[in-house]
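Descriptive structure summary
What follows is the residue order along each chain.
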Amino acid sequence: MAALNEEQVMLRDMAREWSDNESPIAAFRKLRDSGAGKGFDPGAWQAIGGMGWAGIVIPEEFGGSAFGYLSLGLVVEQLGRNLAASPLASTAVAASAIVMGGSDRAKSEWLPKLASGETIATLAIDEGGHHDLKLATSVSDGKLSGAKKFVAEGDGADVFVVAATDGLYLVAKGEGVTVATRRMADSRSHADVTFTNAPAEKLGDTALTQAIADRATAVTAAEMLGMAESAFGQTLDYLKQRVQFGQVLSTFQALQHRMAKMLTELELMRSAVEGALEAIDAGRSDIDQAVSLAKAVANDTLRLASREMVQLHGGVGMTDEYAAGLYLKRAATLEAMWGTASYHRDRFGRLNGY
């Protein structure tokens, strides 16, 4: 587990309190049932921007706090606990692409707006149903053309960080950009985005593309950590109060063993995820390995926790009245996003010469 400083502890506790009070699971249900076009609550997003969370990885000179990726992960984790629908993760990582990119004009124009929450950004990377940086999107004379699938927060994004064959580009919503909403099991914002001769500004080469994909992967793993923790906690609470055959379920040894296994896997998951975020902040040479380890472990652990949540709730776990199904659906989406467990195990092996 990471050793948090005083500011990070305060940030984590603040995010946890805000998420529990202002964005509980009931808020997600309400948003889902309303069919909100952008997939998030604008009022909640304004509050997030006002608290400075959108600028956590943006330098102070552009209105951010430069707290780093571990701090961002702490916030995303707490939001993930309650399935909060927010474009924070996508906006923050897209902002990193601008920060790390070579366009001073893009930095001065977009970073202050992203730090305040005035503008929403997202990554448009993958072109198929699986994470793969073998791309066909191309740029000619400053005009970008290509199609991106499953763009998270694509419905509400004002600007896209787009991966092409020769690197990352910045494309503003408008000319040459067509967004088509894609309905997914997790009831969150996903879109297919088509770029047709859209004006584009280059941020960096293919090395930047991989670096940003790794950062997005680590932040996604942080959200998964929050979900797994919450799934475990809700399941444990249920077992402690549900009576079956005249006994509280938590007294059955077989169920105790299953919960103990989940708790052990959760602790391993936290170490892996926080280790990846720390590696990014430290600029270590093994960021790619740390990220693949984190995502592989996160996928396996959240899959276990979400499925056990449904199973150990019994019949009611299959109903919409209980939250178990909501975690299961979001888990399935995040497992595929930025690479499955098998993808990252293979990648980890390749990076280590196997």
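Our subject in this report is the structure included herewith. (Residues numbered from 1 in each chain as written. Predicted model: local features only at pLDDT ≥ 70, side-chain atom pairs only at ≥ 80, totals over all residues. Heavy atoms only, no water.)

In a regular helix each residue adds 1.5 Å, so 13 residues correspond to 18 Å; helix H6 (residues 104-116) covers 19 Å between its end C-alpha atoms and thus fits that length. Maximal helix bending in H6 amounts to about 35°, located at Trp110; proline Pro112 follows within four positions. Of the residues making up H6, those classed as buried are Ala106, Lys107, Trp110, Leu111, Leu114 and Ala115. Turning to H6, the residues buried within the fold contact helix H3 (42-50), helix H5 (88-100), strand S1 (121-124), strand S4 (159-164), strand S5 (167-172) and strand S8 (201-204). Phi turns positive, to about 85°, at Gly117, one or two residues after H6. (Helix = DSSP H or I, 4+ residues; strand = E, 2+ residues; numbered from the N terminus. Expected span 1.5 Å × (residues − 1). Bend = angle between axes of the 7 residues up to and from the residue. Buried < 20%, exposed > 50% of the residue type's maximum accessible area, 1.4 Å probe, protein only. Contact = heavy atoms within 4.5 Å.)

With that out of the way, let us pick up the nonpolar core. By size, the foremost hydrophobic cluster in this structure holds 96 residues, and its most contacted members are Trp53, Leu72, Leu88, Leu123, Leu168 and Leu203. Take this core: its biggest share by element is 16 residues, from helix H7 (residues 206-241). When neighbours within four sequence positions are excluded, Leu203 is seen to be in contact with Ala97, Ile98, Gly101, Gly102, Ser103, Ala106, Val161, Leu168, Tyr169, Leu170 and Leu208. Ala124, Phe160, Ala191 and Phe195 belong to the second largest nonpolar core, which has 15 residues in total. (Core = buried A, V, L, I, M, F, W, Y, C linked by side-chain atoms within 4.5 Å.)

Closest axis-to-axis distance for the helix H8 (residues 253-282)/helix H9 (residues 287-313) pair is 8 Å, and the angle between their directions is 155°. By the angle between their directions, the pair H8 and H9 is classed as roughly antiparallel. For the pair H8 and H9, the sense of crossing is left-handed. (Axes fitted to C-alpha atoms, helices over the stretch in contact; angles between N-to-C directions. Parallel < 35°, antiparallel > 145°, perpendicular 65-115°, else oblique. Left-handed = near helix turned anticlockwise from the far one by under 90°.)

Moving on, we get to the sheet that holds strand S6 (residues 177-181). Hydrogen bonds between backbone groups are what pair the strands of a sheet, and the pairing can be parallel or antiparallel. The 4 strands are arranged S2-S3-S7-S6 in an open sheet whose pairing can be described as antiparallel. The open sheet has two free edges, formed respectively by strand S2 (138-140) and S6, since each of these has just one partner strand. Sheet twist, expressed as the mean angle between neighbouring strand axes with direction ignored, is 15°. (Pairing = 2+ DSSP bridges.)

Turning our attention to unusual backbone geometry. The phi dihedral of Ala66 falls on the positive side, at around 55°, and the residue is not glycine. Structurally, the position occupied by Ala66 is in the loop between H3 and helix H4 (69-81).

Attention now moves to the pattern of salt bridges. According to the stated counting rule, one finds 27 salt bridges in the structure shown. Across the salt bridge formed by Glu229 and Arg81, the nearest N and O atoms sit 3.5 Å from each other. Placement of Glu229 in helix H7 and of Arg81 in helix H4 is noted, with a sequence separation of 148 residues between them. Between Glu308 and Arg258 there is a salt bridge, with its nearest N and O atoms 2.6 Å apart. Taken as a pair, Glu308 in helix H9 and Arg258 in helix H8 lie far apart in primary sequence, 50 residues in all. Glu308 gets classed as buried once you look at its relative accessible area, which sits at 12%. Residue Arg258 is classed as partly exposed on the basis of its relative accessible area, which comes to 30%. Because the salt bridges share partners, they merge into one network encompassing Arg16, Asp20, Glu77, Arg81, Glu229, Arg270 and Glu274. (Salt bridge = Lys/Arg side-chain N within 4 Å of Asp/Glu carboxyl O.)

Time to look at the packing of helix H1 (residues 6-22) against H4. In a packed pair of helices, the relevant descriptors are the angle between the two axes and the axis-to-axis distance. At their nearest, the axes of H1 and H4 sit 8 Å apart, and the two run at 20° to each other. With respect to their mutual orientation, H1 and H4 come out roughly parallel. Where H1 crosses over H4, the two elements pack in a sense that is right-handed. Of H4, the residues touching H1 (which contributes Gln8, Leu11, Arg12, Ala15, Arg16, Trp18, Ser19 and Asp20) are Leu70, Ser71, Leu74, Val75, Gln78, Leu79 and Arg81. By residue class, the composition of the contact of H1 with H4 is 7 nonpolar, 4 polar and 4 charged. (Nonpolar A, V, L, I, M, F, W, Y, C, P; charged D, E, K, R; others polar.)

Among the 6 residues of S5, 5 are classified as buried, and the element is accordingly described as predominantly covered. Hairpin connection from S4 to S5: 2 residues lie between these consecutive antiparallel strands. Pairing analysis gives 3 bridges linking S5 to S8, with the strands arranged antiparallel. Of the residues in S8, the one forming a bridge with Leu170 is Glu201.

Distances and angles like these do not, on their own, reveal function.
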